[in-house]
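# Summary of structural features
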Amino acid sequence: LKGQYPYSRIIVTVHYLNWCFELKGNDRRMREIVTKGYETKDKMERLVMSSFRDEQAFLHLADEVFVLSKKTQALLAKDYVVSDDKIHLVYNGIGDGICSRTLPDEGKANMQRNILFVGRLDEIKGLKYLILAFENISVKHPDTRLVIVGDGNFQSYLAQSRKLQGRITFLGKMQSGEIDEIYKQAYLGVMPSFHEQCSYTAIEMMRHGIPIVGTDSTGLGEMLDATPQLRVHIDEDSFNE
């Protein structure tokens, strides 16, 4: 590009980094693998090393780099050694105004509380751990129901949910008009993600006034700075589901 168009400018927006998917957002492990002199042990580590170097080379060639979280801003400056003056932090945004929703009537008999998950049915989104937690929640709180919106590999999650038939609902991928109604009926949103930059789902939940339980991983942690009591810590040194 630069050879053909010497006055062009290359602008990069970082929506993800490849190693986050391979390592579930574990930056400590990433640093260990990309350290100079480290001998990679398997295909996964070689992939992390290779993609890190490719990303670093491209980010250095870019004229401006836009990031969606402070965590990524610091990571690019420190680990990728990208110049501070060309990194720009710009959060995602959606629409304007707050949406109204119908809260469950606390005094009503047989009240149902919907716990809502919205996202890809993918290991990086942590749905497996939400379903495990819901097994305990459903015993202690019989008025709860888990509503799962999103597309992906249903089979493993359907098998995991078999013992909770009638308590978990899979709605698949939905259009924005349809999902607005689901947001309005939610009691609580849960995002057990291992990796997020600046989640549209979290923004939508906030816009509908839904409390969010999330993790302190990558960009999601800073989206929940105002409610640290609703943040679950992921211990990258001794991970325990």
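Right above here is the structure, for reference.
Just so you know, these numbers come straight off a predicted model, no measurement behind them. (Residues numbered from 1 in each chain as written. Predicted model: local features only at pLDDT ≥ 70, side-chain atom pairs only at ≥ 80, totals over all residues. Heavy atoms only, no water.)

### Observations concerning the side chain of Gln197
We apply this condition: Strands are runs of DSSP state E lasting at least two residues, helices are runs of H or I lasting at least four, and both sets are numbered from the N terminus onward. Relative accessible area decides the class of each residue, using a 1.4 Å probe on protein chains only: under 20% of the type maximum gives buried, over 50% gives exposed, and in between gives partly exposed. Here a polar contact is recorded for every N or O atom pair within 3.5 Å, except that within protein the pair must consist of a potential hydrogen donor and a potential acceptor, and residues adjacent in sequence are included only if both atoms are side-chain atoms. Any two residues whose heavy atoms approach within 4.5 Å at even a single point are treated as in contact.
Mapping Gln197 onto the fold places it in the loop between β7 (186-191) and α8 (200-207). Since its relative accessible area comes to 6%, Gln197 is described here as buried. In this structure the side chain of Gln197 is engaged in a polar contact, spanning 3.4 Å, whose partner is the side chain of Ser69. Side chain to side chain, Gln197 and Thr72 meet in a polar contact 2.6 Å long. Sequence-distant contacts of Gln197, defined by excluding residues within four places in its chain, comprise Val14, His15, Tyr16, Leu68, Ser69, Thr72, Gly219 and Leu220.

### Here's the deal with the pattern of salt bridges
Rule in force here: Salt-bridge detection follows one rule: a side-chain nitrogen of Lys or Arg within 4 Å of a carboxyl oxygen of Asp or Glu.
This model, assessed by the stated rule, comprises 16 salt bridges. Between Asp63 and Lys2 there is a salt bridge; the shortest N-O distance is 2.8 Å. Of this pair, Asp63 sits in the loop between α3 (43-61) and β2 (64-67) while Lys2 sits in the segment before β1 (11-14), and the two are 61 residues apart along the sequence. One salt bridge in this structure joins Arg29 and Glu32, with 3.5 Å as the shortest N-O distance. Taken as a pair, Arg29 and Glu32 lie in helix α2 (residues 27-34) at a separation of 3 residues, close to a single helical turn. Among the ionic contacts, a cluster of salt bridges with common partners joins Arg28, Arg29, Glu32, Glu45 and Asp237.

### What about the packing of α2 against helix α4 (residues 70-78)?
To keep things clear, this is the line we draw: As a rule, the C-alpha atoms of each element are fitted with a line to give its axis, helices using only the stretch in contact, and angles between N-to-C directions run from 0 to 180 degrees. Should an angle fall under 35 degrees it is taken as roughly parallel, and over 145 as roughly antiparallel, whereas 65 to 115 is taken as roughly perpendicular and any remaining angle as oblique. Note on convention: the crossing is left-handed when the near helix lies turned anticlockwise from the far helix by less than a right angle, right-handed when the turn is clockwise. Basically, the charged four are Asp, Glu, Lys and Arg, the nonpolar ten are Ala, Val, Leu, Ile, Met, Phe, Trp, Tyr, Cys and Pro, and anything else, Gly included, counts as polar.
One way to put it is that α2 packs onto α4 with a least axis distance of 13 Å and a crossing angle of 15°. As judged from the angle between their axes, α2 and α4 are roughly parallel. Of the two elements, α2 crosses α4, and the hand of that crossing is right-handed. Residues Asp27, Met30 and Arg31 of α2 form the contact with α4, whose participating residues are Lys71, Leu75 and Lys78. Of the residues that constitute the contact of α2 with α4, the class distribution is 2 nonpolar, no polar and 4 charged.

### Quick word on the sheet that holds strand β9 (residues 231-232)
For the record, the criterion: By this definition, two strands are paired if DSSP reports at least two bridges between them.
Spatially, β6-β5-β4-β7-β8-β9 is the arrangement adopted by the 6 strands of the open sheet, whose pairing is parallel. Strands at the two margins of the open sheet, each flanked by one partner only, are β6 (168-172) and β9. With 3 bridges joining them, β7 and strand β8 (residues 212-215) adopt parallel strand pairing. Within the sheet, the bridge partner assigned to Met191 lies in β8 and is Gly214. Here helix α5 (residues 127-140) sits on the sheet in contact with β4 (113-118), β5 (144-149), β6 and β7, set at roughly 165° to β5.

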